[in-house]
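In case you want the letters, here they are:
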Amino acid sequence: MTKTKTKGAAALPLNTILDGDCIEVMNSLPESSVDLIFADPPYNLQLKNQLHRPDNSQVDAVDDHWDQFDSFAAYDKFTREWLAAARRLLKPNGAIWVIGSYHNIFRVGSALQNEGYWILNDVVWRKANPMPNFRGKRFTNAHETMIWASKSEGGKYTFNYEALKALNEGIQMRSDWVLPICTGHERLKDDNGDKAHPTQKPESLLHRVLVGSTNPGDVVLDPFFGTGTTGAVAKMLGREFIGIEREAAYRKVAEKRISRVRKFERDALQVSVSKRAEPRVPFGQLVERGMLRPGEELFSMNKRYKAKVRADGTLVGGEVKGSIHQVGAAFEGAPSCNGWTYWCFKKEGKVIPIDVLRQQIRSEMREA
């Protein structure tokens, strides 16, 4: 993986980790060029003392310089600036995810609204294995909050409802996600054997975000790239990514990590979609293409009724004329009817639903 210089960049540097300040880098990229932004900004934890376990061993907490701000005002200014730069990059139908803790997420949420974003959901990531509260003076901090927002009120955005439902065993996906924190083999280590990043996010979290709110080929930008979880999952799922990270040590780990990732096969990247999201195919198109001929007889699924195809894509059965839906509803004495699943045709002695022909056309449209 090569590193692209950011000054004067005219083209979108896909699948690249950019070195520099995230605000400056984002402002150098083409406007309205990104489909989704996943941001894991500094939490501004304001740690003042070292944290110890009951056995007096020290906790490797987040005390890095990049998480330190002089005041809330300084943090708010930084938040406004990076959110403005991010919004400039989003396409009109783009969206953003921002993750944070109680230290910062409320301030970020307010800034999101002030910058013109439209909040769609807040999602609670409930950690299946959170770090305990060693002092016993507060509740165990067992969750983080993600805000999902569109670029503007009324803006379109990607939401793969059926895919998320399938991930959840056929049940509508809720806004509370129980997933483990990053541990074991997934936790990246540096050359000294220490964890490479204090707040490395689990791939399961990004998998759900990207499957639910992007499509293959979409461009996903992470302005706080860290050790590259967003890039690794994006590559696996056939999305393009752009990472921005100013810390050389993190870039080194991320580049090595992503170079080892293999993209899933094209067929494996397809996800469940709602029937409403499928391309519309008029019944008349089957007639125009010769898949059904004028005068050919169709039969109801229950075999009680039949009607003939007309040249304009309507049916006629006795005194009843109209669309495949209207004729089916009239025969059944019903207020409505799905003609695609109601009518069948005969081929080589077999009775075949006409919806098979519609799906054949849809498959051709997707390939095209």
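- In the nomenclature of an unreviewed UniProt entry, the protein chain is known as Methyltransferase of Antarcticimicrobium sediminis.
- According to its UniProt record, the protein chain has this under Catalytic activity (unreviewed entry): "a 2'-deoxyadenosine in DNA + S-adenosyl-L-methionine = an N(6)-methyl-2'-deoxyadenosine in DNA + S-adenosyl-L-homocysteine + H(+)".
- Per UniProt, the comment on the protein chain under Sequence similarities (unreviewed entry) is "Belongs to the N(4)/N(6)-methyltransferase family."

Side note on the nonpolar core
So, point 1. With 34 residues, the main nonpolar core has W97, M146, W177, L205, V209 and L210 as its most contacted residues.
So, point 2. At five residues, helix 5 (residues 203–213) tops the list of elements feeding residues into this core.
So, point 3. Once residues lying within four places of it in the same chain are set aside, the contact partners of L210 are L36, V220, T230, V233, A234, L237 and R239.
So, point 4. Ranked by size, the runner-up nonpolar core spans 31 residues in total, among them V34, A85, A111 and I147.

Describing the side chain of R208
So, point 1. Tracing the sequence through the fold places R208 in helix 5.
So, point 2. Although R208 is buried, it makes no salt bridge; D176 carries the closest opposite charge, 7.7 Å away.
So, point 3. Residues contacting R208, with those up to four places away along its chain left out, are L164, M173, W177 and L179.

Let's talk about the sheet that holds strand 5 (residues 143–150)
So, point 1. As summarised here, the arrangement of the eight strands in space is 1-8-7-2-3-5-4-6, forming an open sheet in which the pairing is mixed. Across the chains shown, the open sheet's two edge strands, defined by having one partner strand only, are strand 1 (16–18) and strand 6 (176–179). Each strand axis lies, on average, 20 degrees off the axis of its neighbour in the sheet, ignoring direction.
So, point 2. Sheet analysis places strand 4 (residues 118–127) next to strand 5, joined by eight bridges and oriented antiparallel. The partner of V123 across the bridge, within strand 5, is M146.

Some words on the packing of helix 5 against helix 6 (residues 229–236)
So, point 1. Here helix 5 crosses helix 6 at 55 degrees, and the two axes come no closer than 9 Å. As summarised for this structure, helix 5 and helix 6 are arranged oblique, according to the angle between their axes. Between helix 5 and helix 6 the crossing geometry is right-handed. Counting all contacts with helix 5, which are made through E203, L206, H207 and L210, the residues of helix 6 involved are T229, T230, A232, V233, A234 and M236.
So, point 2. Residue composition of the contact of helix 5 with helix 6, by class: six nonpolar, three polar and one charged.

Notes on the packing of helix 6 against helix 7 (residues 248–259)
So, point 1. Helix 7 packs onto helix 6 with a crossing angle of 15 degrees between their chain directions and a minimal axis gap of 9 Å. Taken together, the axes of helix 6 and helix 7 lie roughly parallel to each other. Crossing of helix 6 against helix 7: the hand is right-handed. Contact with helix 6, carried on its side by T229, G231, A232 and K235, involves R257, I258 and S259 of helix 7 and no other residues of that element.
So, point 2. When grouped by side-chain class, the residues that make up the contact of helix 6 with helix 7 number two nonpolar, three polar and two charged.

Describing the pattern of salt bridges
So, point 1. Enumeration according to the criterion identifies 13 salt bridges in this entry.
So, point 2. Residue D19 is joined to R251 by a salt bridge in which the shortest nitrogen-to-oxygen separation is 3.0 Å. Taken as a pair, D19 in the loop between strand 1 and helix 1 (22–28) and R251 in helix 7 lie far apart in primary sequence, 232 residues in all.
So, point 3. The partner of R174 in a salt bridge is D176, and the shortest N-O contact between them spans 2.9 Å.
So, point 4. By relative accessible area, D176 is classed as partly exposed at 30%.

Considerations on the sheet that holds strand 11 (residues 315–317)
So, point 1. The strand order across the open sheet built from six strands is 12-11-10-9-13-14, with neighbouring strands paired in antiparallel fashion. Looking at which strands have only one partner, the edges of the open sheet turn out to be strand 12 (320–322) and strand 14 (350–353). Each strand of the sheet is rotated relative to its neighbour by a mean of 35 degrees, with strand direction disregarded.
So, point 2. In terms of strand pairing, strand 11 meets strand 12 through three bridges, oriented antiparallel. Within strand 12, the residue paired with G317 across the bridge is V320.
So, point 3. The strands touched by helix 9 (residues 324–332) within the sheet are strand 10 (306–309), strand 11, strand 12 and strand 13 (343–347), with strand 12 carrying the most contacts at an inclination of about 150 degrees.

Structural notes on unusual backbone geometry
So, point 1. The backbone of K303 sits at a positive phi, close to 65 degrees, despite the residue not being glycine.
So, point 2. Here K303 is to be found in the loop between strand 9 (297–300) and strand 10.
So, point 3. What makes K303 exposed here is its relative accessible area of 69%.

Points about the pairing of strand 7 (residues 219–222)
So, point 1. Residues V219 and L221 line one face of strand 7 and the alternating positions V220 and D222 line the opposite face, and both faces are buried.
So, point 2. As paired elements, strand 2 (residues 34–39) and strand 7 share two bridges and run parallel to each other. What sits directly across from I37, in strand 7, is L221.
So, point 3. For strand 7 and strand 8 (residues 240–244), the ladder comprises four bridges, and the chain directions are parallel. In the strand pairing of strand 8, D222 is matched with G243.
So, point 4. Handedness of the β-α-β unit built from strand 7, helix 6 and strand 8 comes out right-handed.

Here is what the cut-offs are and how they apply
Residues numbered from 1 in each chain as written. Predicted model: local features only at pLDDT ≥ 70, side-chain atom pairs only at ≥ 80, totals over all residues. Heavy atoms only, no water. UniProt positions renumbered as here; feature names shortened; annotations may be inferred. Core = buried A, V, L, I, M, F, W, Y, C linked by side-chain atoms within 4.5 Å. Buried < 20%, exposed > 50% of the residue type's maximum accessible area, 1.4 Å probe, protein only. Helix = DSSP H or I, 4+ residues; strand = E, 2+ residues; numbered from the N terminus. Contact = heavy atoms within 4.5 Å. Lys, Arg positive; Asp, Glu negative; His and termini not counted. Salt bridge = Lys/Arg side-chain N within 4 Å of Asp/Glu carboxyl O. Pairing = 2+ DSSP bridges. Axes fitted to C-alpha atoms, helices over the stretch in contact; angles between N-to-C directions. Parallel < 35°, antiparallel > 145°, perpendicular 65-115°, else oblique. Left-handed = near helix turned anticlockwise from the far one by under 90°. Nonpolar A, V, L, I, M, F, W, Y, C, P; charged D, E, K, R; others polar. Right-handed = clockwise from strand over helix to strand, strands pointing away.

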